[in-house]
Amino acid sequence: MRRAGKVSLCLPRLLPVATPPPGQGGAGRGGAAVGVRARWGPLPSEPLGSRGGSTSAASSSSSSSSSSFPSCPRGTMQFMLLFSRQGKLRLQKWYVPLSDKEKKKITRELVQTVLARKPKMCSFLEWRDLKIVYKRYASLYFCCAIEDQDNELITLEIIHRYVELLDKYFGSVCELDIIFNFEKAYFILDEFLLGGEVQETSKKNVLKAIEQADLLQEPRHEYFNVPVY
């Protein structure tokens, strides 16, 4: 029975040690081992210490993975930020679920990192487990975050197309246009991007949708601006 006693160390403490039924396998050392295997299945080859170590390693890896940035489908933009040379945030669009505290922290870190770079440096940089693509137009920085395997040049084209849409709508757009008409900038961005992906590549179609939305707003403004006699 010494072998059966050793086998029970690999089993849960609350479970009883199996004994062979009468008439099957006998009461010898081999019979007890066969009875344990028949009831509990194959025995683990590694000792208890290694099993505990693997569990702790799995828990540590899961905790480290949970602290990483939320993942999105491939080809999806994580977020877009517009800020001035003075570090003032003018527009932000998030396509990943984050808390307000985390958003403020990310914005503060990226604004400081991008503004500290020299003008002739590359427009791509690695940040956490993402890639940051930014471009400066006049006094505004357009900053986007993408996955590590996504294409940076396509993201640059998306930024440039959005700037073209703003310039076409406002007519030689400047920072003041976005400050005083930020809702229009959001409308154009929502018509251009949906869930971090390009939904409309035609500038004509995007501007046509914005003009139709403006026509719906004009009668309402005219109604409230009518003088009362």
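Reference entry: report on the structure contained in this document. Residue numbering note: each chain is counted from 1, following its sequence as written. Predicted model: local features are reported for residues with pLDDT of at least 70 only, side-chain atom pairs are reported and counted for 80 or more only, and whole-chain, interface and lining totals are derived from all residues. Side-chain descriptors were evaluated using all non-hydrogen atoms of the structure, hydrogens and water having been removed beforehand.

1. A word on the sheet that holds strand β2 (residues 89-94)
Point 1. If DSSP finds at least two bridges between two strands, the strands pair. Each helix is a run of DSSP H or I of at least 4 residues and each strand a run of E of at least 2, with the numbering of both proceeding from the N terminus. Spatially, the five strands line up as an open sheet ordered β2-β1-β5-β4-β3, and their pairing is antiparallel. The strands lining the two open edges of the sheet, one partner per strand, are β2 and β3 (124-127). Sheet twist, expressed as the average angle between the axes of neighbouring strands with direction ignored, equals 20°.
Point 2. Where strand β1 (residues 79-84) and strand β5 (residues 140-147) come together, six bridges link them in antiparallel fashion. Paired with Leu81 across the bridge in β5 is Cys143.
Point 3. Sheet strands in contact with helix α4 (residues 100-115) are β1, β2, β3, β4 (130-137) and β5, and its direction is about 55° off that of β1.
Point 4. Those strands touched by helix α7 (residues 182-192) are β1 and β2, and its axis lies near 30° from that of β2. All axes here are fitted lines through C-alpha atoms, helices being fitted over the stretch that makes contact, and every angle between N-to-C directions spans 0 to 180 degrees. Residues are treated as being in contact if the distance between any of their heavy atoms lies within 4.5 Å.

2. Remarks on unusual backbone geometry
Point 1. A positive phi angle, close to 55°, is found at Arg128, a residue other than glycine.
Point 2. Within the secondary structure, Arg128 is located in the loop between β3 and β4.
Point 3. Positive phi values are uncommon outside glycine, yet Ala138 reaches one of about 55°.
Point 4. Structurally, Ala138 can be placed in the loop between β4 and β5.

3. Here's the deal with the environment of Glu191
Point 1. Position of Glu191 relative to the elements: it lies in helix α7.
Point 2. Apart from the residues lying within four places of it in its own chain, the contact partners of Glu191 are Gln199, Glu200, Val206, Ala209 and Ile210.

4. Notes on the environment of Cys144
Point 1. By the element assignment, Cys144 lies in strand β5.
Point 2. Setting aside its immediate chain neighbours within four residues, Cys144 contacts Met77, Phe79, Met80, Lys131, Ile132, Val133, Thr155 and Ile159.

5. Re the nonpolar core
Point 1. Only buried Ala, Val, Leu, Ile, Met, Phe, Trp, Tyr and Cys residues count toward a nonpolar core, and they belong to the same one when joined by side-chain atoms within 4.5 Å. Here the term buried applies to any residue with accessible area under 20% of the maximum for its type, exposed to any over 50%, and partly exposed to those in between, with areas from a 1.4 Å probe on protein chains only. Counting 26 residues, the largest nonpolar core has Met80, Phe142, Tyr162, Leu166 and Leu193 as its most contacted members.
Point 2. When contributions to this core are tallied by element, the ones reaching two or more residues are β1, β5, α5 (152-170), α7 and α8 (203-224).
Point 3. Considering each element in turn, this core owes the most residues, seven residues, to α5.
Point 4. Excluding residues that lie within four positions of it along the chain, Met80 makes contacts with Leu91, Gln92, Lys93, Cys143, Cys144, Tyr162, Leu189 and Leu193.
Point 5. Phe79, Val96, Ile132 and Ala145 belong to the second largest nonpolar core, which has 18 residues in total.

6. A closer look at the pairing of β4
Point 1. Bridge count for β3 against β4 is four bridges, and the pairing is antiparallel. Pairing of Glu126 across the sheet is with Lys131, part of β4.
Point 2. The antiparallel hairpin formed by β3 and β4 contains two residues in its connecting segment, where Arg128 sits at a positive phi of about 55°.
Point 3. Inspection of the sheet shows β4 paired to β5 by eight bridges, in the antiparallel sense. The residue bridging Lys131 from the neighbouring strand is Ile146, located in β5.
Point 4. Hairpin connection, β4 to β5: the antiparallel pair is bridged by two residues, and Ala138 has positive phi, about 55°.

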